[in-house]
Amino acid sequence: MSATSVRSWLSCRLKVFGDSHFGCVYSRPFLTSTNLQNVQENTDRRYVKYDDNIVETETEKFRVFEIPGLKRVQRERRTQQKKREYEAQPRFKQMLPDQDWTKVWPGPATFKWSVVPFPVRQGFIPKPTIAGGVPPGKYANTELIKIPNFLHLTPGHVQQHCQAIKKFCTPWPAGLESDQKCHKHFPLEVVTQDYCFSGSSIRDARARSATVQFKLSDLDLDYHARDKFIRLVGPRYNKNTDEVTLTADRCPLKKQNYDFIIYLLTALYHESWTVELWEKEKTLDDMEKYFWDLNASRKNILELLKHIHTIEKDLKLSPNVKALPYLPENLSEENLLALKEVKSYKEAVTDLFNEDETKENLKKYKEAVRTLLNIQTKMMSPS
Amino acid sequence: MYLAVKVKSDLFHKWSLLDYKVLAAQWRQSSRLLCSITHQPDCSSAFSETSAVSLPAFQQSNHMNTLSEQYKIEAQREHINIRSIFCTDESDPTKHTMAHEGLFYRVPDNVFNSHQATGLRKDFQKMLKAFHEVCIMIRKPALEVFDILENVNFDHPPAKIILYGKDGCGKSITLAHVVHYCYQKNWLIVDIPWAGHWLNRQVEIAQSTHNQDRMNFPFVATAWLQLFKSRNLQLIKDLTTTKTYVWSKRETTEEGTPLQELIDFGLNRQRFADDCIGALLREIRIRASEKRIKVLVSINGLNAFWQNTTQREVDKQLIPAAKLTIVHNFKKMFLPTWNNGIFVGTVDTTANSFSQREKVTPLYLLGKEGFEFMDPFIPIEVSNYTEKEVHSCLEYYIERMWIQNPRGRSDDGKKELIFLSNKHPYELTRICASW
Amino acid sequence: MALTGMKNLILRGVLCKRHAALMVIPVRGKIYSDDYISASNDMEDLSKPLTENDPRRYKKIMAAYTEHTTSVNFDPLVKYFTGVMLRKGRKHKARDVMDKTFENIKRIQLEKYHKTEGAEKATIELNPRKIFYDAIENCKPVLKLMQIVKGGVAYQVPVPCREKEQLLQSIKFIITSCKDRERNKIPMCDKLAYELLGAANHEGRAVRKKQELHRACEANKAYAHYRW
């Protein structure tokens, strides 16, 4: 750009902004004399150099006008012998196999390919034909940068952390060596949560809740109290693990919630020991499980056995091998219930009701009935 | 590719544990996979190694071969009628023993038509028509029932045997076999071919004349009386009533009337048919206790007695079966008030309402009330075919020309049929039907 | 490429619509080129080791069809028939109808078999597959009528039927003759069984339909030259 053109451009600008105040303000520092001079000097030198060349060629030969585009002009190829800059080798190439990794990677950091000494591959390849079907390596691999890494949490790191905080620790209390012992001395398991934020508030609504877990067998309860306790806590009792989980989050503070659970636990315990008047009105349908002694099955069997006894008495003259040999003379209820056959029958029926109707239980029931009625068959029962 | 094969072999391994329907579906699916796998040129080197695992399970196992081969060899060697291998000439079920297990026996047509046909599935009866004969397989549950029948003390109150098992496993046919056994022994057969049928029909209902709380099903009652009459006319010929029954002011049945007349009265006076059944059953109980007759009470779909009918009362509540006079009368047969009889019945999911068909076990199907009413009973499971039974069944189908596909008659075809049906009897008939 | 070029030519009016027949029309749903060979579902074939020159060693193989199985009872024609009969995508239902049809055919034939006595017994065909094949063969039309417009008048011109068209037409004859309003309450499997049995003996509506078509072709014989 020559000086004149600069000038004309500026004048244009000035024309546009001439009347306005801002135009003047902006134009002033731009129009310093030194600036203009520099521009002029540079352009002049270039033109001179160019002129010199022309003069030289003119003296040697007659210049033939070449119509541009008619003949192919061979361009002089620039020799690009740019000297390569020295590229530092990645750091992992100089690493020793027995180096201290905790010093290389002291804290959490984004993945850096040049520092990690082992080969890693990560990423998706759309077709198996691309790149030989192998996911990209670690160099410039954004996938590896995106994911969290745990290179700062190696066993060495952990050991160092432990060493560092060891001075703050007290020795493990004696007598709590095993889990069983821990459980024995501390049957309650209290779970609370704290939340950390980098935001403006340090509060979190979830932090107020408290949970207490314990095994029901740790409480001192009899059959009635245990049953009542289970009914009172409802779904908070896990039958398979025998654990009760009580959670509270109504109160605003964690401490208050915890206190409430402890209060609740106390109340539950004492409530389950009390026997209310209305509990005597419990019917068979309200039972937590099947009790053979209370149900019709017992009545049926006793009646049946008594019936059979009278029949056999009548047939005394013709003794039958298929009669029931185990029946005692005195058919009181205690005598009948004490019979081995009746006991096994009772057990089988109770299992059918309380456990599932599995093949084993059905088989057990079948065998119990067979022995009870003394049906001696030649065939073994099919499994 | 290797992975695919690996996964499949795991799948085959699991097959043995799964239900037959799932199996069939999975088999169909993976056999597709199989075509594509074994065809892949890349895996041709691995082909020879993987072929062992990738073949369907039914084509792998060699032990299945043995029995069918045995059939073939015997048939070729002795030049005998192959029928003798899977069929026994012993058509008297009282003589059936464990030696006959898994073999078919021919049921005389008259016995089948009079005593067995009513309770069986329609498609089974259709199949029998195509077979041009009635053959029932002698299976272990039936033999077990016979064994109990022989060893039970008939001086005691009637023992109860309940057959249970998955749908289509042959409970009804086992019961039919038992009925034939008792027919052969000249017992009186008090039979309900399908109790569920009583509840699901929309027929006329009426209030009982005897007890205001109960409901009568006059059409059902007369139909049953007719059935009973047609079956047992010979046996009840000499029996008479022990009591005078007063039906109304003008209609009475005097003491000493033959039972046949009692039945005829019920058939003529539909209004009293339900109560007539009660009277008839009472007489049967008394006569049985007097050792004049032996009685088999057989009820197919017993659990229907503790279900609701499909009809509604005036207050729009479904009528429970317990309220029906016939059900009430039949329930008396299970009480220990009489002897010289036995009860053999089945519990079936299809006799229950749709919401209660999850399990096939007796306690679940009968419910607590039903179980306590029936106990103590002897549960006998009717399960899928055994190895021997399924082979003899297939041979029978082939002999009866029911499997027409020539490849289906080959060993491969048999193996596939066994595999697809998982030895489930009904499923096997369904699959064979289109072969 | 050729196809799009042809389309452009048509758009520019260089080719008129009559030339469109020259174009290669892609087969619907076909995604494989000719260098693929189809998958086999024959277990016997698959269990044999590959020979040296087996094309499966060097050629690509199509994926197996979803509905094809390696079952001993598998039949491609039955599958095809089921597919034509299929309505509203209820393949399971169609398959069920097919199975029941075979069962019915077998049942009817067995009944006949047991009724007849003596040497005639052997003449009764019991295999439902065989009957099915015969029925389809007997309903195949040789000619079809094609509507061709000449000078503003539409002519029904008899044209020879290709093999594949014959098969489809035959199946359609059988299925449509089962689906009439008069016999609405009879299950499809029963009607189909009777229809197939009839067709196997050159009887029934399906065969009559074929004969009617032939008759119409015969009547329009004079227009045969309009085909070109």
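Before any of the text, the structure's been laid out above.
Keep in mind the model is a prediction, meaning the values are calculated, not measured.

Caption draft 1: Up close: the side chain of A:Asn361. Residues and elements named next belong to chain A. Inspection of the secondary structure puts asparagine 361 in helix H13 (residues 359-373). Note on asparagine 361: relative accessible area 6%, which makes it buried. There is a polar contact of 3.4 Å between the side chain of asparagine 361 and the side chain of glutamate 355. In contact with asparagine 361, other than residues within four places in its own chain, are Asp351, Leu352, Glu355 and Asp356.

Caption draft 2: Expanded view of the sheet that holds strand S1 (residues 87-88) of chain B. Residue and element names in this part refer to chain B. If you trace the 3 strands from one edge of the open sheet to the other, you get S1-S2-S3, paired in mixed fashion. In this open sheet, the two edge strands, each paired with only one partner strand, are S1 and strand S3 (135-137). Inspection of the sheet shows S1 paired to strand S2 (residues 104-106) by 2 bridges, in the parallel sense. Pairing of cysteine 87 across the sheet is with phenylalanine 104, part of S2. Of the strands in this sheet, S2 and S3 are in contact with helix H10 (residues 171-184), which crosses S3 at around 110°. In this fold helix H17 (residues 387-399) packs onto S2 and S3, with an angle of close to 165° to the strand it touches most, S3.

Caption draft 3: Structural detail: the sheet that holds strand S14 (residues 378-381) of chain B. Residue and element names in this part refer to chain B. Strand order across the open sheet formed by 5 strands is S5-S10-S13-S4-S14, with parallel pairing between neighbours. Of all strands in the sheet, those bounded by a partner on one side alone are strand S5 (188-192) and S14. Looking at each pair of strands side by side, their axes are set apart by 15° on average, direction ignored. Pairing analysis gives 5 bridges linking S5 to strand S10 (residues 295-299), with the strands arranged parallel. Directly across from leucine 188, in S10, lies its bridge partner valine 295.

Caption draft 4: Region of the structure containing the interface of chain B and chain A. Each partner contributes to the interface: chain B provides 32 residues, whereas chain A provides 37 residues. Roughly 3100 Å² of surface becomes buried between chain B and chain A when both sides are summed, with 61% attributable to carbon and sulfur atoms. Of all residues in chain B, B:His156, B:Glu372 and B:Pro376 bury the most surface against chain A, accounting for 18% of the area lost on that side. Applying the counting criterion to the chain B and chain A interface returns 4 salt bridges. Across the chain B-chain A interface, the total number found is 14 residue pairs in polar contact (both at pLDDT 80 or more). Contributions of two or more residues to the side of chain B that touches chain A are made by helix H9 (140-151), helix H16 (362-374) and S14 of chain B. The dominant element in the side of chain B that touches chain A, judged by the number of residues it contributes, is H9(B), at 7 residues. Class assignment for the residues of the side of chain B that touches chain A results in 16 nonpolar, 6 polar and 10 charged.

Caption draft 5: Broad picture of the packing of helix H12 (residues 340-354) of chain A against H13(A). Residue and element names in this part refer to chain A. Between H12 and H13, whose axes approach to 9 Å, the crossing angle comes to 155°. The angle between the axes of H12 and H13 places the two elements in the roughly antiparallel class. Taken as a pair, H12 and H13 cross one another with a handedness that is left-handed. Contacts between H12 and H13 involve Glu341, Val342, Ser344, Tyr345, Glu347, Ala348, Val349, Asp351 and Leu352 from the first element and Asn361, Leu362, Lys364, Tyr365, Ala368, Val369, Thr371 and Leu372 from the second. Among the residues forming the contact of H12 with H13, the class breakdown is 10 nonpolar, 3 polar and 4 charged.

Caption draft 6: Structural detail: the pairing of strand S4 (residues 243-248) of chain A. Residue and element names in this part refer to chain A. Side chains of S4 alternate between two faces, with Val244, Leu246 and Ala248 buried and Glu243, Thr245 and Thr247 left unburied. Strand direction decides the pairing type here: strand S3 (residues 237-238) and S4, joined by 2 bridges, are antiparallel. The partner of asparagine 238 across the bridge, within S4, is glutamate 243.

Caption draft 7: Focus on a nonpolar patch on the surface. Residues A:Phe65, A:Ile67 and A:Leu70 make up a contiguous nonpolar surface patch of roughly 400 Å² in combined accessible area. Within the secondary structure layout, A:Ile67 lies in the loop between helix H3 (33-60) and helix H4 (101-104).

Criteria and cut-off values
- The written sequence of each chain sets the order in which its residues are numbered from 1.
- Think of it this way: whatever chain is written first is A, whatever ligand is written first is 1, and the rest follow in order.
- Only residues with pLDDT of at least 70 are given local features in this predicted model, and only at 80 or more are side-chain atom pairs given and counted; all residues enter the totals for whole chains, interfaces and linings.
- Values shown for side chains rest on all heavy atoms present in the structure; no hydrogens or waters enter the calculation.
- Strands here are runs of E lasting at least two residues and helices are runs of H or I lasting at least four, both read from the DSSP assignment and numbered beginning at the N terminus.
- Burial status follows relative accessibility: with a 1.4 Å probe on protein chains alone, a residue under 20% of its type maximum counts as buried, one over 50% as exposed, and anything between as partly exposed.
- Between N or O atoms, a polar contact is any pair within 3.5 Å; within protein, one atom must be a potential hydrogen donor and the other a potential acceptor, and residues adjacent in sequence are included only when both atoms are from side chains.
- Every residue pair with non-hydrogen atoms within 4.5 Å of one another is taken to be in contact.
- Paired strands, as defined in this entry, are two strands with at least two bridges between them according to DSSP.
- Between N-to-C directions, angles span 0 to 180 degrees; the directions come from axes that are lines fitted to C-alpha atoms, helices contributing only their stretch in contact.
- Here the buried area means the combined drop in accessible surface, using a 1.4 Å probe, for two parts upon being joined, counting both sides.
- A pair is scored as a salt bridge if a Lys or Arg side-chain nitrogen falls within 4 Å of a carboxyl oxygen belonging to Asp or Glu.
- Polar here means any residue outside two lists: the nonpolar Ala, Val, Leu, Ile, Met, Phe, Trp, Tyr, Cys and Pro, and the charged Asp, Glu, Lys and Arg; Gly therefore counts as polar.
- Between 65 and 115 degrees an angle is taken as roughly perpendicular, under 35 as roughly parallel, over 145 as roughly antiparallel, and anywhere else as oblique.
- With the far helix as reference, a near helix turned anticlockwise by less than a right angle produces a left-handed crossing, and one turned clockwise produces a right-handed crossing.
- Residues forming no salt bridge and having over 30% relative accessible area are the ones grouped into patches, like charges within 9 Å of each other and nonpolar side chains (Val, Leu, Ile, Met, Phe, Trp, Tyr) within 5 Å.
- The Shrake-Rupley method, run with a 1.4 Å probe, gives the accessible areas here. Residue values count only the displayed protein chains as cover.

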